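# Descriptive structure summary
Below, each chain spelled out in residue letters.
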Amino acid sequence: GVLAGNGSQAATAEAACVALAELCRGSSAIAAEMRTLGALQSVVGLLSAPSAPPNLRVAACEVIGACAASDSASLAELRRLGAVPLLAGLITGGTKAVAEKAQSVLSLLQQRGDSDMAGEVAGAMAAASDEGAPHLVAQLQQGNKLARRAALLLDCLALDSPAARTQIVKLGAVPRLV
């Protein structure tokens with residue numbers, strides 16, 4: 001399908017992702033079909049495709065978030081596909097829109113997942129913390145929704161890694177959180 005394209009069909013793939021995200025929102029049956037048919041694998045692949053433009057990555061994050069919100073079995077599939085480290089990498093390695101959407105999806109995965117998923121999110125964020133923590137601390141002063149997601153991910157980082165906790169404190173996150 002179009003989602004398996006290499007980026008040259010970016011506009012079509014973006015439109016397909018937007019449509020799939022809308023279909024998956026609130027429909028566990030459609031989200032399960034996406035998982036079963038392998039479409040989720042193609043969408044996760046778009047996160048790491050070097051030729052994928054930012055708008056396509058944002059749309060891919062939308063699909064991943066919609067599937068995770070609607071179908072709990074998609075959480076395990078996303079872990080199996082390696083989506084968590086890819087999303088963590090997008091927080092610092094993409095545009096502002098891509099970073100915000102990836103952060104939103106990671107927050108959702110952390111909230112909806114089990115302790116293994118929360119640990120994987122924490123581990124991925126810790127691996128990206130050299131660049132990710134300063135970015136998240138800076139977001140604490142932005143809009144309410146963005147600041148809440150940043151606080152959740154910073155909490156996850158701080159609980160998982162003493163080194164990350166020290167870095168977060170040195171970056172001045174504590175006064176921004178209270």
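### What about helix α11 (residues 162-170)?
Taken as a whole, α11 has its buried residues at A164, Q167 and I168. Relative to the axis of α11, the buried residues are bounded by an arc of 100 degrees and lie together on one face. Summarising the geometry of α11, the exposed residues directed more than 90 degrees from the buried face are P162, A163 and K170. Phi for G172, located one or two positions after α11, is positive at around 85 degrees.

### Some points on helix α4 (residues 54-70)
If you check α4, its first and last C-alpha atoms are 24 Å apart, about what 17 residues at 1.5 Å a residue would give, namely 24 Å. Within α4, 13 of the 17 residues are buried, leaving the element largely enclosed by the surrounding structure.

### Points about the pattern of salt bridges
If you walk through the whole model with that rule in mind, you get 6 salt bridges. With its nearest N and O atoms 2.8 Å apart, the salt bridge here joins E22 to R25. Under the relative-accessibility criterion, R25 is labelled partly exposed at 39%. A salt bridge links R35 to D71, with the shortest nitrogen-to-oxygen separation between them at 2.8 Å. One end of the pair, R35, is in helix α2 (residues 28-37); the other, D71, is in the loop between α4 and α5 (73-81), and 36 residues separate them in sequence. The buried category is assigned to D71, whose relative accessible area is 8%. Among the charged side chains, a network of salt bridges with common partners joins E22, R25, E62 and K101.

Conventions we followed
- Residues numbered from 1 in each chain as written.
- Predicted model: local features only at pLDDT ≥ 70, side-chain atom pairs only at ≥ 80, totals over all residues.
- Heavy atoms only, no water.
- Buried < 20%, exposed > 50% of the residue type's maximum accessible area, 1.4 Å probe, protein only.
- Helix = DSSP H or I, 4+ residues; strand = E, 2+ residues; numbered from the N terminus.
- Arc of directions from axis to C-beta.
- Expected span 1.5 Å × (residues − 1).
- Salt bridge = Lys/Arg side-chain N within 4 Å of Asp/Glu carboxyl O.

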